[in-house]
Amino acid sequence: MNAADLLRSLGIDPAQLDPAPPPAQRQAAGAERLDGSHPCARCGEPATATGVVVAPGYGRRWLDRCMPCLVATTPRGDGPRAPLAETLTVLREAAAEAGVTLTIRTDEP
C-alpha cells in the first residue's frame, strides 16, 4: 500500500499532517515527537508511534498513531511467502524434531 492509499484508507487529509524533516534528521526528530503531545492521526489519542509518509503534492509528512491504530492500519501482506506445501513441510519437520504430535487441517486437498 502506498502512502496515498494509506492516508485515503485512514480518511486523513495530508494537509493536516505536520511536515517531516529530510531523512538525515528523521530519527532524532521522530523520537522527540513521541513525548505525548502529538495526537494519533486516526483517533486523537496520544501518539506512541510515528513515521513519515510521502504524500503526493505535500511531500514528507509525519504520520503519528497510537499503538492500537498502528496495528489496525499496518498492511499485513498477502499471506505466506512460501507455497503452502513448503510451509506445511517445515511445520511437520519442526513438530517431529520437537517430538510432538501435530494435526494440520487446511482448505486445500
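## Brief notes about helix H4 (residues 84–98)
Its 15 residues give H4 an end-to-end C-alpha distance of 21 Å, which sits within 8% of 21 Å, the value for a rise of 1.5 Å per residue. Note on H4: the residue one or two positions beyond its end, Gly 99, has a positive phi of about 75°.

## Focus: the pairing of strand E2 (residues 59–65)
Within a regular strand, the side chains alternate between the two sheet faces. With respect to burial, E2 is a largely interior element, 5 of its 7 residues being buried. Taken together, the 7 bridges between strand E1 (residues 49–55) and E2 define a ladder with antiparallel strand orientation. Paired with Ala 55 across the strands is Gly 59, a residue of E2. Connecting E1 to the antiparallel partner E2 that follows it, the hairpin turn spans 3 residues, and Gly 57 within it adopts a positive phi of roughly 85°.

## Digging into the pattern of salt bridges
Across all of its chains, the model carries 3 salt bridges by this definition. For the salt bridge of Arg 33 with Asp 64, the shortest nitrogen-to-oxygen distance reads 2.5 Å. Here Arg 33, found in helix H2 (residues 23–33), pairs with Asp 64, found in strand E2; they are 31 residues apart in sequence, far enough to count as distant. Considered together, Arg 33 and Asp 64 belong to a single accessibility category, that of buried residues. By sharing partners, the salt bridges in this structure join Asp 18, Arg 33 and Asp 64 into a single network.

## Observations concerning helix H1 (residues 3–10)
Side chains that are three or four residues apart share a direction in an α-helix, a result of its 3.6 residues per turn. All of the buried residues in H1 are Ala 3, Leu 6, Leu 7 and Leu 10. In an axial view of H1, the angular spread of the buried residues amounts to 95°, which keeps them on one side of the axis. Opposite the buried face of H1, at more than 90 degrees from it, the exposed residues are Arg 8 and Ser 9. Structurally, H1 contributes buried residues whose contacts are with E1, E2 and helix H3 (67–73). One or two positions beyond H1, positive phi appears at Gly 11, with a value near 70°.

Each value, and the rule that gives it
Residues numbered from 1 in each chain as written. Predicted model: local features only at pLDDT ≥ 70, side-chain atom pairs only at ≥ 80, totals over all residues. Heavy atoms only, no water. Helix = DSSP H or I, 4+ residues; strand = E, 2+ residues; numbered from the N terminus. Expected span 1.5 Å × (residues − 1). Buried < 20%, exposed > 50% of the residue type's maximum accessible area, 1.4 Å probe, protein only. Pairing = 2+ DSSP bridges. Salt bridge = Lys/Arg side-chain N within 4 Å of Asp/Glu carboxyl O. Arc of directions from axis to C-beta. Contact = heavy atoms within 4.5 Å.

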